[in-house]
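Structural overview
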Amino acid sequence: MARHDGTPLPTRLQPEALGLLEHRRSLPLRALVEPGPDAATLDRLLAIAARVPDHGRLVPWRFIVLEGPARGVAGDRLDALYARRMPDLPGEKAHMWRDYLLRAPVTVVLVSRPDPAAKIPVFNQILSAGAVGMNLMLAAEALGFSALWLLKWPGRDSEAAAVIGVGEGEAVAGFFHIGRPAERVTDRPRPALDQIVTRFAP
């Protein structure tokens, strides 16, 4: 039963929020520089990210934070695994994953952990993790940072993902690299609405 009389609440426009949504643009990893978010700000970012639709309140996602010296340690371990997989790897790439994780001040690994036994379809649970990722991107922008969402080899390979703490039955939804923006980039082409919108016409 509805708990209202059908009268809409007063409209509350948020122009700054609309501007962020209309103009948000990912920067290249090289453009994310120190300082990164401090502990309180990072907690705020993650709390905002977690405010997403979550059917059944399953919380089918979690975060792994890579910051400070831990980034280099994780990168060294990934480099060691990569070298075992690629014995002919050129010497100049021996530290590629360490360098990758050290580029941004903070990296948040978003982990999708759907429960296949739940009544909520797994696909819905995975979509919820995607919503967390977008919230994290927008929250970073709103707080004066920029974030880049990537999914490279360490997130696609189960053994590599395990190095950074991803468990069985989990999958990496993305690496979110966060820092202060050091470059301005032009917007990329966006799809025209007439290419992506149809209206049901019975």
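Source: prediction; values computed, not measured.

Things to note about helix H4 (residues 96-103)
- Within the span of H4, buried status applies to Trp97, Tyr100 and Leu101. Around the axis of H4, the buried residues are gathered within 90 degrees of arc, so they sit on the same side.
- Packed against the buried residues of H4 are strand S2 (61-67), helix H3 (70-85), strand S4 (146-150), helix H6 (153-156) and strand S5 (171-181).

Quick look at the nonpolar core
- Counting 24 residues, the largest nonpolar core has Leu101, Val109, Trp153, Val166 and Phe175 as the members making the most contacts within it.
- Of all elements in the fold, only S2, H3, H4, strand S3 (106-112), helix H7 (158-163) and S5 reach the threshold of two or more residues within this core.
- Broken down by element, this core gets its largest block of residues, 4 residues, from H3.
- Sequence-distant contacts of Val166, that is, excluding residues within four places in its chain, are made with Arg62, Ile64, Val111, Ala161, Ala171 and Val172.
- Counting 19 residues, the second-largest nonpolar core is a separate cluster that includes Ala49, Leu110, Met137 and Ala140.

Focus: the packing of helix H2 (residues 39-49) against helix H5 (residues 122-142)
- Close contact between H2 and H5 brings their axes to 8 Å; oriented N to C, the two are set at 140 degrees. By the angle between their axes, H2 is oblique relative to H5. In the crossing of H2 with H5, the sense of the turn from one axis to the other is right-handed. Residue-level contacts link Leu45, Leu46, Ile48 and Ala49 of H2 to Val132, Asn135, Leu136, Ala139 and Ala140 of H5.

A look at the packing of H3 against H4
- Relative orientation of the contacting elements H3 and H4 amounts to 155 degrees, with a least axis distance of 7 Å. The angle between H3 and H4 falls in the class roughly antiparallel. You can see that H3 and H4 cross each other, and the crossing is right-handed. Mapping the contact onto sequence places Arg71, Gly72, Ala74, Gly75, Asp76, Leu78, Asp79 and Tyr82 in H3 and Met96, Trp97, Arg98, Leu101 and Leu102 in H4.
- For the contact of H3 with H4, the per-class residue count stands at 7 nonpolar, 2 polar and 4 charged.

A look at H3
- Counted at 1.5 Å a residue, the expected span for H3 with its 16 residues is 22 Å, and the 23 Å between its end C-alpha atoms agrees.
- Those residues of H3 lying buried are Arg71, Gly72, Ala74, Gly75, Leu78, Asp79, Leu81 and Tyr82.
- Among the structural elements, S2, H4, H6 and H7 are those in contact with the buried residues of H3.

Things to note about a nonpolar patch on the surface
- A cluster of nonpolar side chains, contributed by Leu193, Ile196 and Val197, occupies part of the molecular surface with about 290 Å² of accessible area.
- One can find Ile196 in helix H8 (residues 193-196).
- Judged by relative accessible area, which is 54%, Ile196 ranks as exposed.

Scoring rules and cut-offs
- Residues numbered from 1 in each chain as written.
- Predicted model: local features only at pLDDT ≥ 70, side-chain atom pairs only at ≥ 80, totals over all residues.
- Heavy atoms only, no water.
- Buried < 20%, exposed > 50% of the residue type's maximum accessible area, 1.4 Å probe, protein only.
- Helix = DSSP H or I, 4+ residues; strand = E, 2+ residues; numbered from the N terminus.
- Arc of directions from axis to C-beta.
- Contact = heavy atoms within 4.5 Å.
- Core = buried A, V, L, I, M, F, W, Y, C linked by side-chain atoms within 4.5 Å.
- Axes fitted to C-alpha atoms, helices over the stretch in contact; angles between N-to-C directions.
- Parallel < 35°, antiparallel > 145°, perpendicular 65-115°, else oblique.
- Left-handed = near helix turned anticlockwise from the far one by under 90°.
- Nonpolar A, V, L, I, M, F, W, Y, C, P; charged D, E, K, R; others polar.
- Expected span 1.5 Å × (residues − 1).
- Patch = residues over 30% accessible without salt bridge, like charges linked within 9 Å, V, L, I, M, F, W, Y side chains within 5 Å.
- Areas by Shrake-Rupley, 256 points an atom, 1.4 Å probe, with all protein chains shown as cover.
- Salt bridge = Lys/Arg side-chain N within 4 Å of Asp/Glu carboxyl O.

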